[in-house]
Amino acid sequence: MRTKNTILFSLISTFFLIFLISIWKILATLQGLSINSFNIEIIFIFGFLISLAHLGVGDRIKSIYKSIIFSSIFVFCDGFLIQKLPIWYNVGVFLILYFFTNKISKYTFIGLKEEHSTQVILFDFLTLFGILFFSFVILFPFYMMLITSFKTQIALLVNPLDFSINFGQDIKDLFKSYFVIFKSYKFGKYIVTSTIVSVGTVIITLLFAIPAAYAVARLNFFGKTFLSTSILIIYMFPAIVLVIPLYTIFSQLGLRNSIEGLLIVYTATTLPVAIYMLQGYFKSIPKELEEAAILDKLSWFGIITKIIIPLSIPAISSVALYVFMIAWNEFLFSLMFLDNPNSFTLSRAIQYLSGDAETPRQYLMAGSVVVTLPVLFIFVYFEKYLVSGLTAGSVKG
Amino acid sequence: MNDTLANTEKKTAYILTLPAVLLVFSIILFPIFANIWISFKEVELKDIRIPEPRAKKIIKSISDEPTKIKILYKLRNSSLIQEIRDVSFQDNFPKNFEIENLDPRCSYENYNLKCEFGNWPAKYRENFQVKFETNDGSKIDKKNLKSIKPKLDGKSDNILLNTNFTLKNFKKVLFENEFIDLLLTTFYYTFFGTVGSIVFGILTAQMVNQKFYGRTFMRSVLLFPYVAPVVALAYTWELLLDPNSGTLNSLLLNYQIIETPINLLGQKYIEISILGFDFKLRLALTTVIMFEIWRYFPLAFLFILARLQAIPKELYEAADVDGASPFQKFFNITLPQITAVISILFMIRFIWNFNKFEDVFLLTGGASGTRTLPINVYQQGFAISDIGMGSAVSIVIVVLLLMFMFFYFKLLGKRVDEN
């Protein structure tokens with residue numbers, strides 16, 4: 001049992017180490033180092049030996065010294081056996097090894113004798129692996145988007161693997177793609193359009209949704225249950241089904257290529273979820289406050305503006321942020337309704353830009369950064385509000 | 001007294017909800033019915049324009065006679081397919097103009113020429129000419145004449161409003177449109193996209209539910225693909241996967257994992273042999289599904305994490321006392337607790353993936369075997385300009401969705417009964 005567990009532990013930890021080193025190698029390759037192989041066999045042998053040695057040494061040496069010794073040995077052998085690489089690469093390897101040996105330091109021979117110890121080990125390492133794997137897989141495209149926007153056409157063609165940025169160059173050269181898209185492709189105008197459309201949608205949606213949500217939450221009227229259930233059913237209706245009739249109607253009314261047209265459609269598509277989210281929150285506000293207001297002869301308008309709105313700022317902000325995000329990211333309707341470059345939104349403008357095969361990719365990526373940054377910034381900054389919005393409104397997407 | 005109070009309450013409620021209800025009905029419900037209507041018609045993109053009677057005014061002076069002038073109106077029906085009925089025409093002239101040879105269809109009163117041209121068939125053209133002479137012998141100012149524009153009016157059928165219906169669109173959708181292929185592609189895309197995103201959602205939620213350093217940061221990062229604009233992400237992926245100088249292919253070539261670049265988004269099939277069996281994998285479709293999973297697993301993650309955090313700790317403590325292994329805990333405690341969320345997620349994601357248009361459109365445009373039903377709506381309606389066909393495809397989508405929902409709820413209802 002002990003031998004089997006020891007070998008399993010060493011294997012699992014070794015695979016984890018291989019994964020760590022491979023990611024580091026990929027990142028190093030992207031900084032222009034010529035690494036042509038992962039050398040999995042060599043790292044496997046070392047990792048296995050280190051795991052075994054770690055168990056064998058046990059508590060005889062303080063764990064910090066142990067980690068430093070193992071890491072140094074690995075770095076030395078890595079540089080000696082595989083290939084000589086710059087100092088920063090080796091420092092990285094050292095840190096990875098230090099992290100790795102620290103992670104395995106809690107496993108001992110005694111612990112391995114326990115029941116389910118291999119499963120516990122597998123679970124622990126799978127979690128660690130998952131965290132790193134998902135961070136890498138998710139962040140890598142964003143990283144690539146950002147880096148590409150700072151490169152030049154020639155640099156991208158000569159060595160597509162070189163992600164290093166020369167910060168020594170002139171600011172004007174570094175941000176060249178951004179200057180170009182704002183100057184030649186009128187991205188400034190598109191940002192304004194996108195902002196007007198998104199903020200406009202938020203304002204109109206709230207104007208319509210707050211009274212309606214209040215009525216659904218508080219007042220008794222015929223058709224109330226029908227209304228509140230149909231809200232969600234309507235919300236599930238796919239946009240692609242609406243596109244053709246809306247296109248024909250908007251063409252005949254002359255609403256295509258206009259901001260008003262987009263505002264109407266965006267508001268209508270976000271209203272159901274806004275009402276749904278708000279009425280849920282309004283219901284949680286104590287009724288006594290309104291009863292006092294009714295005694296003070298406040299009209300419904302007064303009740304909404306003086307009591308309901310001030311008390312539900314958190315819910316209103318999360319609705320507002322969520323609606324903003326939907327309107328800012330929206331693509332299908334802007335593709336269908338806008339064909340005049342003067343009325344493009346950012347998303348549509350980037351799609352239009354990519355339609356021309358001649359457009360250098362760094363411009364495309366610069367545009368993508370411009371459209372992504374505000375949303376990510378808002379998301380990170382107001383995460384608490386947005387997450388509740390996402391969960392409630394998640395039927396859409 | 002009580003009754004009036006209830007009445008005012010009702011009235012207030014209607015006033016408060018009316019704007020929202022009207023807007024949603026006119027923009028969402030009405031188009032759905034309009035869609036059904038259009039799908040039974042033969043309509044093309046060009047038919048949407050309402051036909052107009054048009055006239056181009058050409059002024060010709062007559063040599064040697066400066067007091068006389070010929071005016072030619074090139075009349076036409078702007079539509080190539082529809083007739084215009086009861087076309088009326090009006091034009092004004094200076095106060096000293098007298099007309100020669102009045103056309104029987106017209107009348108000339110108070111220096112105002114009025115004509116009733118009757119019905120114009122489609123593509124109708126006519127050169128309509130009138131001659132004038134000034135009654136005081138003064139010369140004619142051509143520029144002034146040209147600046148006055150004739151007014152035309154006519155009635156036409158809006159092709160969308162007439163009652164000629166046909167089943168041709170549906171026949172075409174179901175029998176001439178590689179319908180089975182479309183359906184299968186859509187199904188693969190939807191099913192594997194949904195299952196994949198839920199599986200990754202479970203994995204990541206389980207992961208973030210452990211305690212580790214940087215957990216809140218991790219949670220935000222996991223949501224990035226879901227909140228970022230699809231346009232930016234799709235083009236980034238396209239660059240990443242580009243066969244010529246994309247990062248992924250370059251990396252794989254660099255590490256000698258592959259010998260020639262793989263066109264992940266442009267190749268329909270790839271041959272894979274596993275244990276001597278040759279498989280044909282739909283490569284582009286698989287890539288698109290990967291993107292789909294990558295972009296939407298955060299949603300499953302968010303849902304499942306919320307559920308995981310609500311599982312009572314006592315359950316795990318009791319399991320620990322009983323000596324359960326981590327896998328036993330996962331399969332016997334965690335999984336049963338999240339099945340309800342998963343079944344809701346499955347339905348929501350299935351419906352939305354079924355209708356997903358942007359992702360496929362931006363990545364491949366529907367080429368190399370990635371043509372799904374929503375892409376087909378766009379292609380029929382706007383690339384081939386057959387609005388009626390596009391509508392019919394979208395009606396098929398709605399019907400399929402309703403069928404799916406019906407069976408899903410029936411199945412779910414049965415399971416609930418058994419429990």
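Thresholds applied
- In this numbering scheme, every chain counts its residues from 1 along its sequence in written order.
- Key to labels: chains lettered from A, ligands numbered from 1, both in the order written.
- Per-residue local features of the predicted model are confined to residues with pLDDT of at least 70, and side-chain atom pairs are confined, for both listing and counting, to 80 or more; whole-chain, interface and lining totals are unaffected and use all residues.
- As a convention, hydrogens and water are excluded, and side-chain values are obtained from all of the structure's heavy atoms.
- Going along the chain from the N terminus, every DSSP run of H or I of four or more residues is numbered as a helix, and every run of E of two or more is numbered as a strand.
- In this setup the radius of gyration rests on C-alpha atoms only. A globule is expected at 2.2 Å times the number of residues raised to 0.38.
- Each residue's exposure class comes from its accessible area (1.4 Å probe, protein chains only) as a fraction of the maximum for that residue type: buried when under 20%, exposed when over 50%, partly exposed otherwise.
- Calculation of accessible area relied on Shrake-Rupley with a 1.4 Å probe; when residues are assessed, cover is drawn exclusively from the protein chains displayed.
- The charge count includes Lys and Arg as positive and Asp and Glu as negative, but it does not include His or the ends of the chains.
- A charge is said to be at NZ when it belongs to Lys, at CZ for Arg, at CG for Asp and at CD for Glu.
- Exposure above 30% relative accessible area and the absence of a salt bridge qualify a residue for a patch, where like charges join within 9 Å and nonpolar side chains (Val, Leu, Ile, Met, Phe, Trp, Tyr) within 5 Å.
- A carboxyl oxygen of Asp or Glu within 4 Å of a side-chain nitrogen of Lys or Arg is what we treat as a salt bridge.
- At least two bridges found by DSSP between two strands is the condition for calling them paired.
- To obtain each axis, a line is fitted to C-alpha atoms, and for helices this fit is confined to the stretch in contact; angles are then taken between N-to-C directions over 0 to 180 degrees.
- Boundary definitions for the domains trace back to an automatic or database domain assignment.
- Only heavy atoms enter the contact rule, under which two residues are in contact if any of them lie within 4.5 Å.
- As a working definition, buried area equals the accessible area (1.4 Å probe) given up by two parts on being put together, with both sides summed.
- Counting of polar contacts relies on pairs of N or O atoms within 3.5 Å, with two restrictions inside protein: one atom must be capable of donating a hydrogen and the other of accepting it, and residues adjacent in sequence are counted only when both atoms are side-chain atoms.
- You can read pLDDT as the predictor saying how much it trusts each residue, on a scale of 0 to 100.
- A 1.4 Å probe that fits but cannot get out identifies a cavity on a 1 Å grid over protein atoms alone, an open set with protein on both sides within 12 Å along at least five of seven lines counts as a pocket, and a residue lines either if it has an atom within 4 Å of a point.
- Grid points are joined across faces, edges and corners, and a volume is the space filled by probe spheres set on the points.
- Note on terminology: disulfide denotes any pair of cysteine sulfur atoms within 2.5 Å.

Caption draft 1: The arrangement of the overall build of chain B in detail. Scanning chain B from N- to C-terminus turns up 13 helices and 10 strands. Taken over the C-alpha trace, chain B has a radius of gyration of 34 Å; the compact-globule value for 419 residues is 22 Å, which it surpasses by more than 25%. In terms of overall dimensions, chain B has C-alpha extents of about 115 × 85 × 45 Å along its principal axes. Within chain B, the proportion of its 419 residues that are buried is 49%. Of the accessible surface of chain B, which amounts to about 21600 Å², a share of 59% is contributed by carbon and sulfur atoms. Here chain B holds 46 positive side-chain charges and 40 negative ones, and the gap between their average locations is 3 Å.

Caption draft 2: Spotlight on the overall build of chain A. Scanning chain A from terminus to terminus reveals 20 helices and zero strands. Taking 2.2 N^0.38 as the reference for a compact globule, 397 residues should give roughly 21 Å; the C-alpha atoms of chain A span a radius of gyration of 29 Å, well beyond that estimate. With respect to the three principal axes, the spread of C-alpha positions in chain A is 80 × 55 × 35 Å. Relative to its full complement of 397 residues, chain A shows a buried share of 54%.

Caption draft 3: Structural view of a nonpolar patch on the surface. A grouping of Ile61, Ile64, Tyr65, Ile68, Ile69 and Ile73 of chain A is seen on the molecular surface, where their side chains present a nonpolar patch of about 530 Å² in accessible area. Relative to the helices and strands, Tyr65 of chain A is located in helix α3 (residues 63–82).

Caption draft 4: Seen up close, the sheet that holds strand β8 (residues 151–156) of chain B. All names here are of chain B. Ordered by their spatial adjacency, four strands build an open sheet running β5-β6-β3-β8, and the pairing between neighbours is antiparallel. Across the chains shown, the open sheet's two edge strands, defined by having one partner strand only, are β5 (106–109) and β8. Within the sheet, the average angular offset between the axes of one strand and its neighbour, ignoring direction, is 15°. Relative to strand β6 (residues 112–120), β5 runs antiparallel, the two being bridged by four bridges. Counterpart to Cys106 in the pairing with β6 is Cys115.

Caption draft 5: Structural context of the domain arrangement of chain B. Domain boundaries assigned for chain B yield domain 1 (2–47), domain 2 (51–156) and domain 3 (177–385). Here the C-alpha centroids of domain 1 of chain B and domain 2 of chain B sit 45 Å apart.

Caption draft 6: Region of the structure containing the domain arrangement of chain A. Residues and elements named next belong to chain A. Domain assignment breaks chain A into domain 1 (2–158) and domain 2 (179–392). A separation of 45 Å is found between the C-alpha centroids of domain 1 and domain 2. In this assembly, nine residues from domain 1 lie in contact with nine residues from domain 2. Each partner contributes to the roughly 730 Å² buried at the junction of domain 1 and domain 2, and carbon and sulfur atoms together form 78% of this total. Per-residue buried area on domain 1 facing domain 2 is highest for Met145, Ser149 and Gln153; these three make up 54% of the total on that side. Those elements giving two or more residues to the side of domain 1 that touches domain 2 turn out to be α6 (117–149) and α7 (153–158).

Caption draft 7: Summary view of the interface of chain B and chain A. Contacts between the two partners involve 98 residues from chain B and, on the opposite side, 100 residues from chain A. Across the chain B/chain A interface, buried area totals approximately 8800 Å², and carbon plus sulfur atoms make up 80% of it. There are two salt bridges connecting chain B and chain A. In this structure, Arg219 of chain B and Glu383 of chain A form a salt bridge, with 3.4 Å as the shortest nitrogen-oxygen distance. On the surface where chain B and chain A come into contact, there are 12 residue pairs in polar contact (both at pLDDT 80 or more).

Caption draft 8: Local environment of the confidence of the model for chain A. Per-residue pLDDT for chain A has a mean of 84; in total, 97% of the residues score no lower than 70. The least confident element of chain A is helix α20 (residues 383–392) of chain A, whose mean pLDDT is 72; the most confident is helix α10 (residues 187–218) of chain A, at 92.

Caption draft 9: Seen up close, the layout of surface pockets. Space inside the largest pocket adds up to approximately 1300 Å³. What lines the largest pocket is a set of 35 residues, among which Thr127 of chain A together with Gln206, Asn209, Gln210 and Lys211 of chain B lie closest to the centre. Per element, the largest residue contribution to the lining of the largest pocket is nine residues, and it comes from α6 of chain A. As for the second largest pocket, its lining consists of 31 residues, of which Phe133 and Val137 of chain A together with Trp237, Leu240 and Leu248 of chain B are closest to the centre. For the lining of the second largest pocket, the elements supplying multiple residues, two or more each, are α1 (2–29) and α6 of chain A together with α6 (230–241), α7 (247–254) and α8 (283–309) of chain B. Top contributing element to the lining of the second largest pocket by residue count: α8 of chain B, with seven residues.

Caption draft 10: Structural view of the sheet that holds strand β7 (residues 125–134) of chain B. Residue and element names in this part refer to chain B. Taken together, the four strands give an open sheet; going across it, the order is β1-β2-β7-β4, and neighbouring strands pair in antiparallel fashion. Strand pairing shows two members of the sheet lacking a second neighbour, β1 (53–61) and β4 (97–100), which therefore form its edges. For this sheet, the mean angle separating the axes of adjacent strands, direction not counted, is 30°. Taken together, the nine bridges between strand β2 (residues 68–77) and β7 define a ladder with antiparallel strand orientation. Bridge assignment links Leu72 to a residue of β7, and that residue is Gln129.

Caption draft 11: Region of the structure containing the side chain of Glu383 of chain A. Here Glu383 of chain A is to be found in helix α20. With a relative accessible area of 13%, Glu383 of chain A lands in the buried category. Within the local environment of Glu383 of chain A, its side chain forms a polar contact with the side chain of Ser220 of chain B, the two groups lying 2.8 Å apart. Setting aside anything within four residues of it in sequence, one finds Glu383 of chain A in contact with Ile378 of chain A together with Arg219 and Ser220 of chain B.

Caption draft 12: Inspection of the state of the cysteines at higher detail. All names here are of chain B. As enumerated under the stated definition, the model contains one disulfide over all chains in all. Residue pairing for Cys106: its cysteine sulfur links by disulfide to Cys115, the two sulfurs lying 2.1 Å apart. Judged by the torsion about the S-S bond (105°), the Cys106/Cys115 disulfide is right-handed. Of the two residues, Cys106 and Cys115, both sit in the buried class.

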